[in-house]
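What follows is the residue order along each chain.
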Amino acid sequence: MVCGVDRNAIRRREGYDMTTWIRHRGWTWGFRSTVLLYFLALIVFPIFGIYVQSFSSGWTHFAESIADPIAWKAVLLTIKLGVIATLINVCIGTMIAWVLIRYRFPGRTLLNSLVDLPFALPTAVGGLMILLLLGPGSLLGSLAEKMGAQIVFHQPAIVIAMLFVTFPFVIRAVQPLLEELDPLEQEAAYTMGASKARTFFKVILPSMLPGIISGGMLAFSRALAEFGAVVLVAGNIPGRTLIASVFIFGEVESDNPAGAAAVSILLLTLSFIILWVISTVQQRGRRA
Amino acid sequence: MRRLWIGLTYVVFIILLIIPLSRIAIGAFEKGLDGFMEGLLRPEALHALMMTGLIVVLVTLLNALFGIMMALYLVRANWLSRRIKGVLNSIVDLPYAVSPVIGGLMIVLLLGPDSIIGGFFEGIGFKVVYAFPGMVIATLFVTFPLMVREVMPVLQEIGHDQEQAAATLGAYGWTTFRKVTWPSIRWAVVYGVVLTVARSLGEFGAVLVVSGNIMNKTQTATTLVYQDVENFNVAAANGVALVLAAFSVGILLLMEWAKKRKDVQ
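As the structure is a computational prediction, the values presented were derived from the model and not from experiment. (Residues numbered from 1 in each chain as written. Chains lettered and ligands numbered in written order. Predicted model: local features only at pLDDT ≥ 70, side-chain atom pairs only at ≥ 80, totals over all residues. Heavy atoms only, no water.)

1. Here's the deal with the domain arrangement of chain A
Residues and elements named next belong to chain A. You can read the domains of chain A as domain 1 (2–54) and domain 2 (58–287). The straight-line distance from the C-alpha centre of domain 1 to that of domain 2 is 41 Å. Here domain 1 meets domain 2 over a buried area of about 570 Å², counting both sides, of which 73% is carbon and sulfur. Counting the surface domain 1 buries against domain 2, the share from its top three residues, Ile50, Tyr51 and Ser54, is 82%. Across the domain 1-domain 2 interface, the total number found is 0 salt bridges. Within the side of domain 1 that touches domain 2, the residues separate by chemical class into 3 nonpolar, 1 polar and no charged. (Domains from an automatic or database assignment. Buried area = accessible area lost by both parts, 1.4 Å probe. Salt bridge = Lys/Arg side-chain N within 4 Å of Asp/Glu carboxyl O. Nonpolar A, V, L, I, M, F, W, Y, C, P; charged D, E, K, R; others polar.)

2. Considerations on the interface of chain A and chain B
If you look at the interface, chain A gives 68 residues, while chain B gives 70 residues. Both sides of the chain A and chain B interface together cover about 6,800 Å² of buried area, and 85% of this is carbon and sulfur. Area buried by chain A at its contact with chain B is led by Tyr38, Phe39 and Leu132 of chain A, which between them contribute 10% of it. Across the chain A-chain B interface, the total number found is 1 salt bridge. Taken together, the links from chain A to chain B amount to 7 residue pairs in polar contact (both at pLDDT 80 or more). (Contact = heavy atoms within 4.5 Å. Polar contact = N/O pair within 3.5 Å; in protein donor to acceptor, adjacent residues only side chain to side chain.)

3. Re the packing of aromatic side chains
Going through the model one piece at a time under the given rule, you end up with 16 aromatic pairs over all chains. Measuring from centroid to centroid gives 5.6 Å for Phe227 of chain A and Phe204 of chain B, while their planes differ by 20°, and the two rings are stacked. Separated into two different chains, Phe227 of chain A in the loop between α11 (196–225) and α12 (228–233) and Phe204 of chain B in the loop between α10 (173–202) and α11 (205–211) make up a pair that spans both. The pair Phe227 of chain A / Phe204 of chain B is uniform in exposure class, with both members buried. Among the aromatic residues, ring-to-ring pairing joins Tyr38 and Phe39 of chain A together with Phe66 and Phe144 of chain B into one connected group. (Phe/Tyr/Trp six-rings, centres within 6.5 Å; stacked < 30°, edge-to-face > 60°. Helix = DSSP H or I, 4+ residues; strand = E, 2+ residues; numbered from the N terminus. Buried < 20%, exposed > 50% of the residue type's maximum accessible area, 1.4 Å probe, protein only.)

4. Some thoughts on empty space enclosed by the protein
All names here are of chain B. Counted according to the given criterion, the structure contains 1 cavity of 30 Å³ or more. As for the largest cavity, its lining consists of Thr52, Ile55, Val56, Thr139, Ser200, Leu201, Glu203, Val207, Thr220 and Thr222. At the level of secondary structure, the elements contributing two or more residues to the lining of the largest cavity comprise α3 (43–76) and α10. It is α3 that contributes the most residues to the lining of the largest cavity, 3 residues altogether. Partitioning the lining of the largest cavity into residue classes produces 4 nonpolar, 5 polar and 1 charged. (1 Å grid on protein atoms, 1.4 Å probe; cavity = no way out; pocket = protein on both sides within 12 Å on 5 of 7 lines; lining within 4 Å. Points joined across faces, edges and corners; volume = space filled by probe spheres on them.)

5. Here we look at the domain arrangement of chain B
Residue and element names in this part refer to chain B. What the domain assignment lists for chain B is domain 1 (1–30) and domain 2 (43–264). Inter-centroid distance (C-alpha atoms) of domain 1 to domain 2 is 30 Å. Contacts between domain 1 and domain 2 engage 6 residues on the former and 6 residues on the latter. Carbon and sulfur atoms supply 81% of the area buried between domain 1 and domain 2, which totals about 460 Å² over both sides. The largest contributions to the domain 1 side of the interface with domain 2 come from Leu21, Ile24 and Ala28, which together make up 70% of the buried area. At the junction of domain 1 with domain 2, the criterion picks out 0 salt bridges. The interface formed by domain 1 and domain 2 holds 1 residue pair in polar contact (both at pLDDT 80 or more) in total. Looking at the side of domain 1 that touches domain 2 residue by residue, the class counts come to 5 nonpolar, 1 polar and no charged.

Okay, structure coming up:
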């Protein structure tokens, strides 16, 4: 009994000591500077560093690295294939978002949770899947080869890899907008005699558009950056199936960090612009 | 019309997600259970899985802690001007836009053996790049935004009335956080943790560049899969890939659960 009281008293006193100890101003400032330093050292410093590094040996060296046909062809190819993958994704993503929100059917919840699978799955595993399904020796791969179409180690495989990795973006960006859309608006359009197609293009599509754009942009920037899935299925032949991130990796491996840095900042600047556009679109959407 | 759309959706899901996922499972057991176990119990596979596990634990802990703090500061701090907060806020997203390979390259450039900082650490006998610390740093870089972006909207939504009330009633910073703020951001933090685990488990590009992919030393599960495929040893890759895929499906289920709890709040 006495012992219990004592313990409580001690606990109370310790608790008091804890709070005064934590309350000390030095701790507050220590915390703040630690967090900000962590942030600066981890995020800001490396990004700053790569820009400095690629211009450290002067503009001419940078220009030389970019002017290398293998380098700029890799960047252009990445953009081209990224655009194709994004366009496909915008179409099927919008459709799936629509179906998952508007229709009730067996398996809907399951499909809805499966959407995020490409986010959760390691990209290297994604690449391996494509290789297993369409690669040499597989059923589909040999079938396509017989018909004269080459998939794996050629451009179609890269597009498929990008498609797989960026699959969730458009769906997840459009869904909340569709949820908010008032079905009454559609019904009003119907009752006033608008056709189904006209209602879709005049009422539904405009309200999905911010989601389609920002989701598409996110998918595009992810497609530009994708490495894991692509490196396993692309042939990596310069000018034909060598994309920018794989090119950068090759330059690092062959001990040419300056060349890698030059292409990197080209790609980085492009991604930063995309990111900036996305946030502008979203802000405008919020204001509207 | 309705039937057609639902059917099309099913077709996309089956072709793009379900068939590939089951193909991995079939591939892993192509040579029976023994083949699967053999691929998985190779010493290099066990070591790679251990490395991945260590990285996931360390990165999740560090980024959960600093992510929550950063989110708190970005939303609440009155010792930072609004403009600085705006700038910091947009910087948080930058790792999303950086290709993992480039993220790895940045760390090699900054901390590699040829750099000033890297040379200094090398001098005192501490290897950063092509060793474990570099791999952790690369994964930290890639996963930093996830926690911040999950916690920030919740903090903005709940406002700081309750926190101010608690402070007025005499509660100190830590008590306010534990009793008032924490209960409302709890599920957002859980969701952020799940996302961070998923991303650090699957991180490949950045780790590949930074680690040098040295077998039994700096090889992680994903870079082992890559190396097996490059060596035309697809059967062995399947076992490790299946373990990773199973983890991802588990994470997906956790995500669903956390999302539901988060929405309830």
